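This is what each chain is made of:
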Amino acid sequence: MTARAPARGSRWIEGWNPEDEEFWESTGRAVARRNLIFSIVSEHIGFSVWSIWSVLVLFMSPEIGLPFTAAEKFLLVVTPNLVGAVLRLPYAAAVTRFGGRNWTVFSSAVLLVPAGLACYFVQQPGTPLWVFLLIGATAGVGGGNFASSMTNITTFFPQRHQGWALGLNAGGGNLGVAAVQVVGLLVIAVAGSTSPAYVAAVYLPLIVLAALCAALFMDNVDSVRARPGALLEAAANRHTWWISLLYIGTFGSFIGYSFAFGLVLQTEFGFTPLQAAGWTFLGPLLGSVARPAGGWLSDRLGGARVTAWTFVGLTAGTAALLVASAQGSFAGYVAAFIALFVLTGVGNGSTYKMIPAIFAREAEDEVTDGGEAIAAFARARRLSGAVIGIAGAVGALGGVGINLAFRASYGGEAASGDSALLVFLGYYLLCVLVTWAIYLRDSRAEAPAARPEAEVTRA
């Protein structure tokens, strides 16, 4: 089937093949970039709504009739994190059933529910914690947007550009975490620390805009429809679970630290909401910007090599955080925390870049052994999309672990986050060993496929 752009008035593309150089240069590149832009817009808003409670909890105090403890606030930020992680798998599958454009419209519009509920109930003094936990659970739909967006964008770009495209898509989405914290800072600076409703209200028109842009400017790709059993096939592949373990360490750390950073500063140093909000946006901002850099570096140096060095850096950064904590050094603590954010951003990009490279290598090996080239690389793309969904879901659970560890650590007699940091340090060391043993010890596992799919197809 010859690849073609969508007909006027249509939002379905049939025969999409970005590996075809002629099609990519004449039509594919422009269509792919248009879809990438509005995918980023939708995912950005989704991340903001997903992480909105990391900001709203900073406002919760006896002064506004919401006198929750630090442990209760950590539980509140864990809830959307957990729901968002669970939703990632069905969201990724939804793209393959309903189409990228159609699902983006829906997944954007449904964000009105958590934003609207948050806007109303944070103005009601005496509202019990369980009500906020339910509202926080609805905010988890914003976390699902990541998986559907990444699965969709993977289809638009050729394998050689996927590190850059996935990094840009994810980085733009991750910026939503920093953006909502900047909104919180501005609200506190302008309206004071007793007006959390304004934070949620800002996003109501933006959600409507994101849904309209997706409806008007995005496309559905026929080839994104997965064959039945794609997720089961991916689940049976050992690389799915090694990648998921690594992604817990990179993205799990990024989202977990993003949700927890403000509360950690409030608990560790006794910060006011304004003081906490003045610092919390920096980490997610720099981590989000670093994600495309991780994909770009991986396109050139290899995803596994970049990932391994990232975990070495995370280990050193966590050790530095422990030292700063022992010394009571605010400057050292914040500097080390921000370094962790940057490293998780780089690792997010490099880990995701590993996925298509691993399955492209498997496809090349299958062709070398006498397999049919088109079928082998089609399977590689199908598995890559499925693994992105699974790894995204499992990796996001790492954020839940981060916040539960901090909650347990600060709830102890010492009221310190050090015991949580020791657990994180051990996990990063484990990830260094896994990356080296599985993907670096065998140089072929790290090397990109020697022949792009397009070349094999034309051979």
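Rules and cut-offs
- Residues numbered from 1 in each chain as written.
- Predicted model: local features only at pLDDT ≥ 70, side-chain atom pairs only at ≥ 80, totals over all residues.
- Heavy atoms only, no water.
- UniProt positions renumbered as here; feature names shortened; annotations may be inferred.
- Helix = DSSP H or I, 4+ residues; strand = E, 2+ residues; numbered from the N terminus.
- Rg over C-alpha atoms; globule rule 2.2 N^0.38 Å.
- Buried < 20%, exposed > 50% of the residue type's maximum accessible area, 1.4 Å probe, protein only.
- Areas by Shrake-Rupley, 256 points an atom, 1.4 Å probe, with all protein chains shown as cover.
- Lys, Arg positive; Asp, Glu negative; His and termini not counted.
- Charge placed at Lys NZ, Arg CZ, Asp CG, Glu CD.
- Axes fitted to C-alpha atoms, helices over the stretch in contact; angles between N-to-C directions.
- Parallel < 35°, antiparallel > 145°, perpendicular 65-115°, else oblique.
- Left-handed = near helix turned anticlockwise from the far one by under 90°.
- Nonpolar A, V, L, I, M, F, W, Y, C, P; charged D, E, K, R; others polar.
- Phe/Tyr/Trp six-rings, centres within 6.5 Å; stacked < 30°, edge-to-face > 60°.
- Contact = heavy atoms within 4.5 Å.
- Domains from an automatic or database assignment.
- Buried area = accessible area lost by both parts, 1.4 Å probe.
- Salt bridge = Lys/Arg side-chain N within 4 Å of Asp/Glu carboxyl O.
- Patch = residues over 30% accessible without salt bridge, like charges linked within 9 Å, V, L, I, M, F, W, Y side chains within 5 Å.
- 1 Å grid on protein atoms, 1.4 Å probe; cavity = no way out; pocket = protein on both sides within 12 Å on 5 of 7 lines; lining within 4 Å.
- Points joined across faces, edges and corners; volume = space filled by probe spheres on them.
- Expected span 1.5 Å × (residues − 1).
- Bend = angle between axes of the 7 residues up to and from the residue.
- Polar contact = N/O pair within 3.5 Å; in protein donor to acceptor, adjacent residues only side chain to side chain.

- Under an unreviewed UniProt entry, the name given to the protein is MFS transporter, NNP family, nitrate/nitrite transporter, and the organism recorded is Saccharopolyspora kobensis.
- Quoted straight from UniProt, the Subcellular location (unreviewed entry) entry for the protein says "Membrane".
- You can read under Sequence similarities (unreviewed entry) in the UniProt record for the protein the words "Belongs to the major facilitator superfamily. Nitrate/nitrite porter (TC 2.A.1.8) family."

**Structural notes on the overall build of the protein**
- Per the secondary structure count, the protein includes 19 helices and two strands.
- For 459 residues, the compact-globule formula gives about 23 Å, and the C-alpha radius of gyration of the protein, at 22 Å, lands near that figure.
- Counting only C-alpha atoms, the protein reaches 70 × 50 × 30 Å along its principal axes.
- Taking all 459 residues of the protein together, 57% fall into the buried category.
- Summing over all exposed atoms, the protein offers an accessible surface of approximately 17,100 Å²; the carbon and sulfur share of this is 66%.
- Separation of charge centres in the protein, based on 27 positive and 26 negative side chains, amounts to 4 Å.

**Details of the packing of helix α11 (residues 238-269) against helix α15 (residues 330-368)**
- Running from N to C, α11 and α15 cross one another at 160 degrees; their axes reach a closest spacing of 9 Å. Judged by the angle between their axes, α11 and α15 are roughly antiparallel. Crossing handedness for the pair α11 and α15: left-handed.
- Of the residues contributing to the contact of α11 with α15, the split by class is 21 nonpolar, nine polar and two charged.

**Digging into the packing of aromatic side chains**
- This structure, assessed with the given rule, holds 36 aromatic pairs.
- When the centroid spacing of 6.0 Å and the interplanar angle of 40 degrees are considered together, the rings of phenylalanine 269 and phenylalanine 271 count as tilted.
- Overall, phenylalanine 269 belongs to the partly exposed group, its relative accessible area being 25%.
- Phenylalanine 271 gets classed as buried once you look at its relative accessible area, which sits at 18%.

**Considering the environment of threonine 318**
- With respect to the element layout, threonine 318 can be found in helix α14 (residues 303-327).
- Since its relative accessible area comes to 0%, threonine 318 is described here as buried.
- The spacing of threonine 318 and leucine 117 is 201 residues in sequence and 37 Å in space, taken between C-alpha atoms.

**A short note on the side chain of histidine 239**
- Within the secondary structure, histidine 239 sits in helix α11.
- Apart from the residues within four sequence positions on either side, histidine 239 is in contact with Ile358, Phe359, Glu362 and Tyr439.

**Here's the deal with the domain arrangement of the protein**
- In terms of domain boundaries, the protein breaks down into domain 1 (17-226) and domain 2 (227-441).
- Taking only C-alpha atoms, the centre of domain 1 and the centre of domain 2 are 19 Å apart.
- Listed as interface residues are 50 residues of domain 1 and, on the opposing side, 52 residues of domain 2.
- Surface buried jointly by domain 1 and domain 2 totals about 4,200 Å² across both partners, of which 73% is contributed by carbon and sulfur atoms.
- When the area that domain 1 buries against domain 2 is broken down by residue, the three leading residues are Leu58, Phe74 and Asn81, summing to 17%.
- Summed over the shared surface of domain 1 and domain 2, the result is zero salt bridges.

**Quick word on a nonpolar patch on the surface**
- A cluster of nonpolar side chains, contributed by Leu112, Val208, Leu212, Leu216 and Phe217, occupies part of the molecular surface with about 420 Å² of accessible area.
- No other element matches helix α9 (residues 197-217), which puts four residues into the nonpolar patch.
- For leucine 216, the position within the fold is in helix α9.

**Describing empty space enclosed by the protein**
- Applying the stated criterion across every chain yields a total of one cavity of 30 Å³ or more.
- One number sums up the size of the largest cavity: a volume of about 60 Å³.
- Together, Ser39, Ser42, Glu43, Trp103, Thr104, Ser107, Asn145, Ser148 and Ser149 line the largest cavity.
- Of all the secondary structure elements, the ones that give two or more residues to the lining of the largest cavity are α1 (21-50), α4 (100-109) and α7 (141-156).
- Looking at the lining of the largest cavity residue by residue, the classes come out as one nonpolar, seven polar and one charged.

**Description of the packing of helix α16 (residues 373-410) against helix α17 (residues 418-440)**
- At a closest axis distance of 7 Å, the pairing of α16 and α17 adopts a crossing angle of 145 degrees. Contacts between α16 and α17 involve Ile402, Ala405, Phe406 and Ser409 on the former and, on the latter, Asp418, Ser419, Ala420, Leu421 and Phe424.

**Re α11**
- For α11, which comprises 32 residues, the first-to-last C-alpha distance of 43 Å matches the rise-based estimate of 46 Å (1.5 Å per residue) to within 8%.
- Helix geometry: α11 is bent most strongly at alanine 260, by close to 45 degrees.
- The buried fraction of α11 is high, at 24 of 32 residues.
- For α11, the capping residue at the N-terminal end is asparagine 237, with a side-chain oxygen 2.9 Å from the backbone nitrogen of histidine 239.
- Positioned one or two residues after α11, glycine 270 has a phi angle of 70 degrees, which is positive.

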